[in-house]
Amino acid sequence: MEAPAQTPSWLGIPASDSRVQVIGRAYRSGTRVVFSHPGVTIRVRFWGDALRMRLDDAGPGGDTKTNYFDVIVDGGAPQKLEVKSGAATYPLATGLPLGLHTVEVLKRTETSVGVTTLEALEVHGELREPPPRAALRMEFVGDSITCGYGSEVAIIPPSPSWRAPTFTSKNENPTRAYAWLTARKLGAEASLICHSGHGVYRNLDLSTTGLVPALYELAVPGHSAPWDSSGESPHVIVINAGSNDTLAGHGTDVFLPDEAAFKSAYRTFLTRLRTLHPRAHLVCTLGSMTDGYKQHEQGGQVTSVHVGDWLTELVAERHQQGDTRVHRHVMAVQNPSVDGVAEDWHPSAATHAKMADALSRFIQDVIRQ
């Protein structure tokens, strides 16, 4: 590949340029690109020696509302980038040897931290066509576990009553979570559609807006732009949702999740996914903070439910209807005394690694079918 004929100069590139590769959920607003999910990656290749980007970030700042990114230059170690609220320009690579380079910018933080708008890139040189994308494409649909909530923290709880540290956005990292690790093991491209606290038919706070099936239809949660599913379908969709449906209701008369409501919402979601992606493998799992079992004791009477069993029954229903490309993966519950926990008792990186090992082996078997 030939070098530019002249000495490099700064060149502005709008975010909407076709050579700016966006992996994950996003939408265009004029010449800008708007995104919010963790793991969304901006990838560019250029001939030159430096690169900058201009962002307009909606994260208001502070311990829980500051967006962070990983910047990866030529496949090197990720460098953590903290961004500020509002519009600003950030250097991504400086002083590189004059030549061909690839830079990736990966969003570490989730929608609740703040939505980000990429306005433009500035290349000291010339922009080139981006690298080819992976042949195998996967979607991971879920909640905080899929987002990598607190995954930079690992603490062995000293007692069952110990209070774990609470969420800070600097410690959220999807690349240390099971979804990203699974895709990496399989050589796949990952798109994460996930939001902390959200469930299938009810959220952790018992609200019923922004449920996981509704979020799936959007490019950015809370924005009206729909996600266009008419393009190339993912080969595998992993659904790890239901933990918040299970864990919600503490101290209320709806402590136990409702089987009919959960199954109806999940059943409808599976039908919708199959309509959108007729050939995709759908993998239904749950965990690792709970396997879905929950019991309630009152007046000596014990009542229990098992959301994990409900998932197994729903997958069996699909099989009875002739859809054999829906699968049930049983995820092990985390072991805090061995692997520690992250913020708010979420899985540690060690637990995520075990989850990814088991899930990737399962998917390898599924894809061979």
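Our structure is the block above this text.
Everything in this summary refers to the structure shown in the same document. (Residues numbered from 1 in each chain as written. Predicted model: local features only at pLDDT ≥ 70, side-chain atom pairs only at ≥ 80, totals over all residues. Heavy atoms only, no water.)

With respect to the packing of aromatic side chains
When we look at a pair of aromatic rings, we describe it by the centre distance and by the angle of the planes. We apply this condition: Within 6.5 Å between ring centres, the rings of Phe, Tyr and Trp (the latter by its six-membered ring) count as paired, and their orientation is classed by plane angle as stacked under 30 degrees, edge-to-face over 60, tilted in between. Helix numbers and strand numbers start at the N terminus; a helix is a DSSP run of H or I with at least 4 residues, a strand a run of E with at least 2. Only protein chains enter the calculation, and the probe is 1.4 Å; a residue is then buried if its accessible area is under 20% of its type maximum, exposed if over 50%, and partly exposed in between. Criterion for a charge above a ring: Lys NZ or Arg CZ within 6 Å of the ring centre, and within 35 degrees of the ring normal.
Scanning the model with the defined rule gives seven aromatic pairs in all. Aromatic pair Phe140 and Tyr178: ring centres 6.2 Å apart, planes at 85°, arrangement edge-to-face. Remark: Tyr178 occurs in helix α2 (residues 178–185) and Phe140 occurs in strand β11 (residues 136–142); sequence separation between them is 38 residues. For Phe140, a relative accessible area of 0% corresponds to the buried category. On the numbers, 5.6 Å between centres and 70° between planes, the contact of Trp162 with Trp345 is edge-to-face. With Trp162 in the loop between α1 (144–147) and α2 and Trp345 in the loop between α7 (336–339) and α8 (349–368), this residue pair connects regions lying 183 residues apart in the sequence. Here a set of aromatic residues connected by ring pairs shows up, and it is made of Phe262, Tyr266 and Trp310. We note Lys294 situated over the ring of Phe255; from NZ or CZ to the ring centre the distance is 3.9 Å.

A word on the sheet that holds strand β14 (residues 281–285)
The following threshold applies: Here a strand pair is declared whenever DSSP counts at least two bridges between the two strands. A fitted line through C-alpha atoms represents every axis, and for helices the fit uses only the stretch in contact; the resulting angles, taken between N-to-C directions, go from 0 to 180 degrees.
The sheet built from five strands is open, its strands ordered β12-β11-β13-β14-β17 with parallel pairing. Where the open sheet ends on each side, the last strands, each with one partner, are β12 (188–194) and β17 (326–328). Looking at each pair of strands side by side, their axes are set apart by 20° on average, direction ignored. As paired strands, strand β13 (residues 236–240) and β14 are joined by five bridges and run parallel to one another.

On their own, these measurements won't tell you what the molecule is for.
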